[in-house]
Amino acid sequence: MNGREKQKQKLLILYASQTGNALDAAERIAREAERRGCPVTLLSIDCFNVGSLPYEENVIFVVSTTGQGDTPDSMKAFWKFLLQRNLNQRWLEGVHYAVFGLGDSGYQKYNFVAKKLDKRLLDLGAVAIVERGLGDDQHPSGYEGALDPWMSSLWNTLSKMNPKFFPNGIDFLIPDAQLIDSPKVQITYHDVDKVHSHFSTDSDLKCIEMQIERVRSMHPGKFSRDKNRPDCFLRMVENHSLTRAGYEKNVLHIEFEVLSSAIEYEVGDIVEVLPSQSPIAIDTFIQRCNLNPESFITVHPRGVENHLPNANINDSKIPIKLKTFVELTMDVASASPRRYFFEVMRFFATAEHEKERLQYFASPEGRDDLYQYNQRERRTVLEVLEDFPSVQMPFEWLVQLVPPLKKRAYSISSSQLAHPNQLHLTVNVTPWTTPFKRKRTGLCSKWLTGLDPQQGVIIPAWFIKGSLPAPPPSLPLILIGPGTGCAPFRGFVEERAIQSRSGSIAPILFFFGCWNEDNDFLYRDFWLSHSRNGGVLSEEKGGGFYAAFSRDQPQKVYVQHKMRENSRRIWNLLCEGASIYVAGSSTKMPSDVFSCFEEIVSKENGVPRESAVRWLRALERAGRYHVEAWS
């Protein structure tokens with residue numbers, strides 16, 4: 001057998017994940033391949049040298065679509081490389097590939113990333129092993145409704161291409177019991193008396209910062225190569241509601257003091273906050289899993305030797321208290337576990353009825369019921385463990401399978417010019433109801449709601465660039481921000497008001513929307529004050545503020561209605577070089593607003609709708625149409 005044939009036995013799986021679903025799907029594909037005797041290399045796409053792609057024989061891509069058809073952050077550099085014009089049609093000749101995408105058919109650009117990746121790979125000379133698979137969040141089983149049949153087709157085609165992929169055939173499976181003995185992580189317990197904890201008594205910010213970095217660096221998920229050390233710490237100084245007391249929506253305005261003089265942010269930036277989990281939930285989880293919260297541990301990949309460093313406190317392998325590790329890295333009381341969690345649980349269930357139910361959940365027949373029980377109901381790890389009391393999973397498996405505690409992202413709703421050393425957020429803490437009528441509230445928003453500024457709680461934070469670049473004062477703006485979508489634009493208006501004191505500024509048209517004028521008109525006084533007496537939103541300055549209250553009259557009125565009423569002003573400003581900024585809910589709003597702009601351009605420019613679409617797409621390519629949406 002020559003070297004080329006040997007390579008063909010191995011699969012390279014590259015994933016690009018924003019929320020963790022693509023990673024979960026990629027890991028499942030890898031497990032199923034390994035169970036059939038096929039070796040696999042599994043990598044995040046940003047850990048792969050794209051220049052070596054032509055030398056790979058068989059590559060599986062698992063990619064999600066984020067926002068409005070955007071590539072995940074980890075895929076941006078890879079995709080930029082693939083778009084280079086100097087890559088010819090034979091660059092990937094000899095490479096076989098398959099693409100599985102994850103998306104939501106409720107969005108306009110459903111699985112856009114998978115579709116454009118598939119086309120680009122074909123254009124560069126690669127050959128598809130199977131037709132691309134498209135997972136859909138709207139399916140009764142989520143993305144797995146498409147993944148299972150797609151994998152079956154993949155194994156069959158690979159086996160026909162080269163039987164050496166699966167030496168014993170695709171129906172041969174390595175026994176689960178053999179695989180269950182091999183979690184991917186290893187935990188070493190250390191003698192408390194021999195461990196010198198640098199942080200046991202010191203509460204200095206630098207020490208807290210380093211502790212967060214080393215604990216989160218130790219987690220096997222590595223949090224998609226995120227920067228683990230916080231950029232700064234925040235301390236809440238004000239917290240008040242923007243909605244009427246007792247109203248079904250609860251939106252807060254929260255102000256923080258930034259505890260670092262070196263930090264700078266721009267309007268349109270995003271802050272990521274690491275939430276604190278409920279101490280009761282943490283203690284309950286630790287007790288339920290029979291863990292010793294005071295023990296000191298190090299966590300490392302299985303097979304990698306662990307040596308206790310004797311000097312460098314920055315080293316991520318310095319022992320950490322088990323309770324601290326759980327608090328900072330394992331989401332035990334808000335995120336739902338993945339399907340593999342249930343597959344592994346069944347091996348540790350001692351009650352027969354629990355084992356049978358878990359085996360059913362892990363089977364193809366039970367897939368839909370598991371999805372309804374778990375993801376649709378948003379059950380937490382702690383709730384699942386309590387539903388199966390006979391299950392005692394080793395801590396190694398819990399570390400591997402419990403969803404990592406993720407940072408929560410918020411659009412910054414202030415300008416640093418207006419508020420030096422401060423940062424403001426607009427936080428929606430409205431609960432929602434699951435299919436079984438259980439109330440749920442977001443982990444971070446609920447935690448922030450319960451904080452008292454007098455407590456002086458220190459909050460770790462990271463700054464990242466979002467999809468809304470800070471505009472220069474000379475750029476005319478058309479802003480559309482219904483609901484909490486107004487948050488970043490509060491910062492835009494604050495900043496331009498400051499800039500107007502020292503020079504000329506371009507006009508702003510702002511379209512805001514909410515349910516009721518009296519109940520959830522967020523920042524009402526702020527917008528109205530800037531729309532009068534020569535403010536930056538005033539007609540005297542060429543601007544305008546337009547509010548749509550959807551439920552104050554029998555007929556619903558949305559931001560699109562206000563845009564149509566002002567189509568001439570919008571078109572004139574676009575002709576003057578204005579940029580469009582859209583922020584808010586990611587369901588229908590962004591596509592509805594885009595359609596409204598199509599109407600306006602078509603009507604005011606006297607061109608067919610198709611020409612208006614092309615004109616707006618050109619605006620996007622020129623960096624003059626920006627969307628930041630969230631679910």
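As the structure is a prediction and not an experimental result, all values here were calculated from the model.

## Quick word on the overall build of the protein
A count of helices and strands for the protein gives 21 helices and 22 strands. Here the C-alpha radius of gyration of the protein, 26 Å, is about what a compact globule of 631 residues would show, namely 25 Å. In terms of its C-alpha atoms, the protein occupies a principal-axis envelope of roughly 75 × 60 × 50 Å. The buried share of the protein, taken over its 631 residues, is 52%. Contacts spanning at least 24 positions in sequence make up 78% of the contacts within the protein whose residues lie at least 6 apart. When the accessible surface of the protein is totalled, it reaches about 28300 Å², and 48% of it is carbon and sulfur.

## As for the UniProt feature "binding site: NADP(+)" (unreviewed entry) in the protein
UniProt records the feature "binding site: NADP(+)" (unreviewed entry) at Thr484, Ser550, Arg551, Lys556, Val557, Tyr558, Val559, Gln560 and Asp592, using the numbering of this structure. Relative to the elements of secondary structure, Arg551 occurs in the loop between strand E20 (544-549) and helix H18 (559-565). For Arg551, a relative accessible area of 42% puts it in the partly exposed group. The residues contacting Arg551, other than those within four sequence positions of it, are Trp515, Asn516 and Lys556. Among the structural elements, Val557 can be located in the loop between E20 and H18. Beyond its immediate sequence surroundings of up to four residues, Val557 is in contact with Ala548, Phe549, Ser550 and Lys562.

## Topic: the sheet that holds strand E12 (residues 320-321)
Read across the sheet, 3 strands follow the order E7-E11-E12 without closing on themselves; strand pairing throughout is antiparallel. Two strands in the sheet have a free side with no partner beyond their single neighbour: strand E7 (185-190) and E12.

## Some remarks on the environment of Arg564
Along the chain, the position of Arg564 falls in helix H18. When residues no more than four places from it in sequence are discounted, the contact partners of Arg564 are Cys596 and Glu599.

## Things to note about the pattern of salt bridges
Within the structure shown, the criterion is met by 35 salt bridges. A salt bridge links Asp118 to Arg132; the shortest N-O distance between them is 3.1 Å. A residue pair is termed long-range when its members are at least 10 positions apart, and Asp118 in helix H4 (residues 112-123) and Arg132 in the loop between strand E5 (127-128) and strand E6 (133-136) qualify at 14 residues. A relative accessible area of 10% places Asp118 in the buried class. Exposure remark for Arg132: the relative accessible area of 31% places this residue in the partly exposed category. A salt bridge links Glu383 to Arg440; its shortest N-O distance comes to 2.6 Å. Taken together, the residues span a long stretch of sequence, with Glu383 in helix H13 (residues 381-387) and Arg440 in strand E16 (residues 439-440) at a distance of 57 residues. An identical accessibility class is assigned to Glu383 and Arg440; each is buried. Among the charged side chains, a network of salt bridges with common partners joins Arg28, Glu144, Asp148, Arg339, Glu343, Arg367 and Asp368.

## Overview of the nonpolar core
Counting residues in each nonpolar core, the largest one holds 48 residues, and the members touching the most others are Phe285, Phe325, Met330, Phe341 and Phe395. Aside from chain neighbours lying at most four places away, what touches Phe395 is Ile187, Tyr189, Leu291, Ile297, Leu322, Phe325, Val326 and Met330. With 29 residues, the next largest nonpolar core counts Phe489, Ala497, Phe526 and Ala583 among its residues.

## What to know about the sheet that holds E20
Strand order in this open sheet of 5 strands is E20-E19-E18-E21-E22, and the pairing throughout is parallel. With one partner strand each, in any of the chains shown, E20 and strand E22 (625-630) form the two edges of the open sheet. Mean inter-strand twist for the sheet, computed between neighbouring axes without regard to direction, equals 10°. When strand E19 (residues 508-514) meets E20, the two strands line up parallel, connected through 6 bridges. Note on E20: the bridge partner recorded for Phe512 is Ala547. Running over the sheet, helix H20 (residues 589-605) touches strand E18 (477-480), strand E21 (579-585) and E22 and is turned about 150° from E21.

## Quick look at helix H21 (residues 609-621)
Note that an α-helix has 3.6 residues per turn; residues three or four places apart therefore point the same way. The terminal C-alpha atoms of H21 lie 19 Å apart, and with 13 residues this matches the ideal 18 Å at 1.5 Å per residue to within 8%. Of the residues making up H21, those classed as buried are Ala612, Leu616 and Leu619. With its buried residues spanning 50° around the axis, H21 presents them on a single face. Residues of H21 that are exposed and point over 90 degrees away from its buried face: Glu610, Arg614 and Arg621. On its buried face, H21 is in contact with helix H19 (567-575), E21, H20 and E22. Backbone geometry just downstream of H21 places Gly623 in the positive-phi region, at approximately 75°.

## What to know about the side chain of Gln499
For Gln499, the location among the structural elements is in helix H16 (residues 487-499). On the basis of relative accessibility, which here comes to 19%, the residue Gln499 falls in the buried class. Residue contacts for Gln499: discarding those within four places in its chain leaves Leu417, Pro473 and Ile505.

## Topic: the packing of helix H7 (residues 205-218) against helix H9 (residues 322-329)
What describes two packed helices is the angle between their axes and the distance between those same axes. Here H7 crosses H9 at 85°, and the two axes come no closer than 10 Å. With respect to H9, the element H7 is oriented roughly perpendicular. Taking contact as the criterion, the partners of Gln211, Ile212, Val215, Arg216 and Met218 in H7 are, on H9, Thr324, Phe325, Leu328 and Thr329. A breakdown of the residues in the contact of H7 with H9 according to their chemical character gives 5 nonpolar, 3 polar and 1 charged.

## Focus: the pairing of strand E11 (residues 296-301)
Most of E11 sits out of view: 5 of its 6 residues are buried. Bridge analysis of E7 against E11 gives 6 bridges, and the strand direction is antiparallel. Paired with Tyr189 across the strands is Ile297, a residue of E11.

## Structural notes on the packing of aromatic side chains
Summed over all chains, the structure comprises 29 aromatic pairs. Relative to Phe510, the ring of Phe489 lies with its centre 5.9 Å away and its plane at 70°, an arrangement referred to as edge-to-face. With Phe489 in helix H16 and Phe510 in strand E19, the pair connects residues that are 21 residues apart, well separated along the chain. Looking at Phe510, the relative accessible area reads 0%, which means it is buried. Linked through ring pairs, Phe489, Phe492, Phe510, Phe512, Phe521, Tyr523, Phe526, Trp527, Phe545, Phe549 and Tyr581 together constitute an aromatic cluster. Stacked on the ring of Trp515, the Lys or Arg Lys249 has its end atom at 3.9 Å from the ring centre. In this arrangement the basic side chain of Arg551 is found over the ring face of Trp515, its NZ or CZ atom lying 3.5 Å from the centre.

Cut-offs used in this document
Each chain has its residues counted from 1, running along the sequence as written. A pLDDT threshold of at least 70 governs which residues receive local features in this predicted model, and a stricter bar of 80 or more applies before side-chain atom pairs are shown or counted, although totals over entire chains, interfaces and linings include all residues. Each side-chain value is worked out from all heavy atoms of the structure, with water and hydrogens disregarded. For the purposes of this entry, the term helix denotes a DSSP run of H or I that reaches at least four residues, the term strand denotes a run of E that reaches at least two, and both are numbered from the N terminus. In this setup the radius of gyration rests on C-alpha atoms only. A globule is expected at 2.2 Å times the number of residues raised to 0.38. Working definition: with a 1.4 Å probe on protein chains only, accessible area under 20% of the residue-type maximum means buried, over 50% means exposed, and in between means partly exposed. Contact definition: two residues touch when any of their heavy atoms are within 4.5 Å. What sets the accessible areas is the Shrake-Rupley method with a 1.4 Å probe; for residues, cover comes only from the shown protein chains. UniProt positions are given in the numbering used here, feature names are shortened, and annotations may be inferred rather than shown by experiment. Here a strand pair is declared whenever DSSP counts at least two bridges between the two strands. A pair is scored as a salt bridge if a Lys or Arg side-chain nitrogen falls within 4 Å of a carboxyl oxygen belonging to Asp or Glu. By nonpolar core is meant a set of buried Ala, Val, Leu, Ile, Met, Phe, Trp, Tyr and Cys residues that side-chain atoms within 4.5 Å join together. As a rule, the C-alpha atoms of each element are fitted with a line to give its axis, helices using only the stretch in contact, and angles between N-to-C directions run from 0 to 180 degrees. Helix span is expected to be 1.5 Å times the residue number reduced by one. Note that the arc is defined by the directions from the helix axis to the C-beta atoms. Note on terminology: angles under 35 degrees are roughly parallel, angles over 145 are roughly antiparallel, angles of 65 to 115 are roughly perpendicular, and the others are oblique. In this classification, Asp, Glu, Lys and Arg are treated as charged, Ala, Val, Leu, Ile, Met, Phe, Trp, Tyr, Cys and Pro as nonpolar, and every other residue, Gly included, as polar. The criterion for an aromatic pair is that two Phe, Tyr or Trp rings (for Trp, the six-membered ring) have centres within 6.5 Å, with stacked assigned to planes under 30 degrees apart, edge-to-face to planes over 60 apart and tilted to the rest. Put simply, a charge is over a ring when the Lys NZ or the Arg CZ is close to the ring centre, within 6 Å, and near the line of the ring normal, within 35 degrees.

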